[in-house]
Each structure stands twice: as C-alpha cells, then as structure tokens.
Amino acid sequence: MERGVGRVVPGGPAGQAGRSSGVNAAAVPTSPRLTVRGAETSWHGEDGGEIVLAAVSVAVIDLVSGPRVAQLRRCGAQDCSMLFVAANSRRVRCTPSLCGNRVRVARHATRN
C-alpha cells in the first residue's frame, strides 16, 4: 500500500496507486446495515487482521481517488518518510511537534 500511495505523491506515476489497495479491499466482503444511527458497513472476515487491512485499503483508495489527493505530501524533514494530508499550502512537515521541532532545533544549533 505504501508504495502505491507513494506513486501519487509528486515524483511518481499515479496510474498504479490503487492496485494493491484494491486487492486488499476486495479480500474481505462487506454488507450494508441499517441501524438507528443510519447506514453502516459490516465487514465479514475470519480474523481481525484482514478486516483492518481491508478497512485501511478502502480508506487509501478513497484518499488517492478523491479530491484530497492534491493535498497529499511527503514530509519535508530529511530523515522522515511519512506522508500526510496538508491542511494548508504552507505545511511541509508531517507533525509540527516531531519533525517540525527537530528542524527548529537544528536551525537554532547552527545559529549558536
């Protein structure tokens, strides 16, 4: 999945992004269910692991095929490989408290 999502981030072809995610998402059958809270999807699998993988795969497919794919970015920190959805155009790091702080500390160290 990571390789597939990585293909839609600038610098890679977007054509094959959902192939592995599609296989994982299709591996576990689902059915709609009407509850008092509204419509829900029920996952039918033999163990929790395959259900979780299928649910994550569906979320990946929704992300890379929807309008938010334009906001998908790779973290700007040199030692980080995380991908994130940027809420604004100025955001360049996955988390301000981790990668952002490391960059600020390094910048401060070079000044002093």
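It should be emphasised that the depicted structure is a prediction, and the values quoted were computed from it without experimental measurement.

Trainee: What exactly am I supposed to notice about the overall build of the protein chain here?
Mentor: For the protein chain, the helix and strand inventory stands at 4 helices and 4 strands. Ordering the α and β elements of the protein chain from the N terminus gives α-α-β-β-α-β-β-α. Here the protein chain holds 112 residues, and 21% of them are scored as buried. Partitioning the contacts of the protein chain with sequence separation of at least 6, the portion at a separation of at least 24 is 28%. Entry remark: accessible area of the protein chain is about 7900 Å², with carbon and sulfur atoms responsible for 55%.

Trainee: Is there a simple way to think about the nonpolar core in this case?
Mentor: One recurring pattern in soluble globular proteins: nonpolar side chains tend to sit buried together. If you look at the biggest cluster of nonpolar residues, it comprises 7 residues: Cys75, Ala77, Cys80, Phe84, Ala86, Cys94 and Cys99. Not counting chain neighbours up to four residues away, the residues in contact with Ala77 comprise Arg93 and Cys99.

Trainee: Looking at this structure, how should I read helix 3 (residues 48-65)?
Mentor: Along an α-helix, a turn takes 3.6 residues, which lines up residues three or four apart on a common side. For helix 3, which comprises 18 residues, the first-to-last C-alpha distance of 26 Å matches the rise-based estimate of 26 Å (1.5 Å per residue) to within 8%. Where helix 3 is concerned, the buried positions are Ala54, Ser57, Val60 and Val64. Angularly, the buried residues of helix 3 cover 120 degrees about the axis, an arc narrow enough to put them on a single face. Every exposed residue of helix 3 that faces more than 90 degrees away from the buried side is listed here: Val52 and Asp62.

Trainee: Help me understand the pattern of salt bridges in this model?
Mentor: Any two side chains of opposite charge can pair, so long as their charged atoms come close to each other. Counted by the stated rule, this structure contains 2 salt bridges. Residues Arg33 and Glu40 are paired through a salt bridge, measuring 3.2 Å at the closest nitrogen-oxygen approach. Note on Arg33: relative accessible area 43%, which makes it partly exposed. What makes Glu40 partly exposed here is its relative accessible area of 24%. Ionic pairing is found between Glu40 and Arg37, a salt bridge with its closest N-O pair at 3.0 Å.

Quick notes on the rules
Residues numbered from 1 in each chain as written. Predicted model: local features only at pLDDT ≥ 70, side-chain atom pairs only at ≥ 80, totals over all residues. Heavy atoms only, no water. Helix = DSSP H or I, 4+ residues; strand = E, 2+ residues; numbered from the N terminus. Buried < 20%, exposed > 50% of the residue type's maximum accessible area, 1.4 Å probe, protein only. Contact = heavy atoms within 4.5 Å. Areas by Shrake-Rupley, 256 points an atom, 1.4 Å probe, with all protein chains shown as cover. Core = buried A, V, L, I, M, F, W, Y, C linked by side-chain atoms within 4.5 Å. Expected span 1.5 Å × (residues − 1). Arc of directions from axis to C-beta. Salt bridge = Lys/Arg side-chain N within 4 Å of Asp/Glu carboxyl O.

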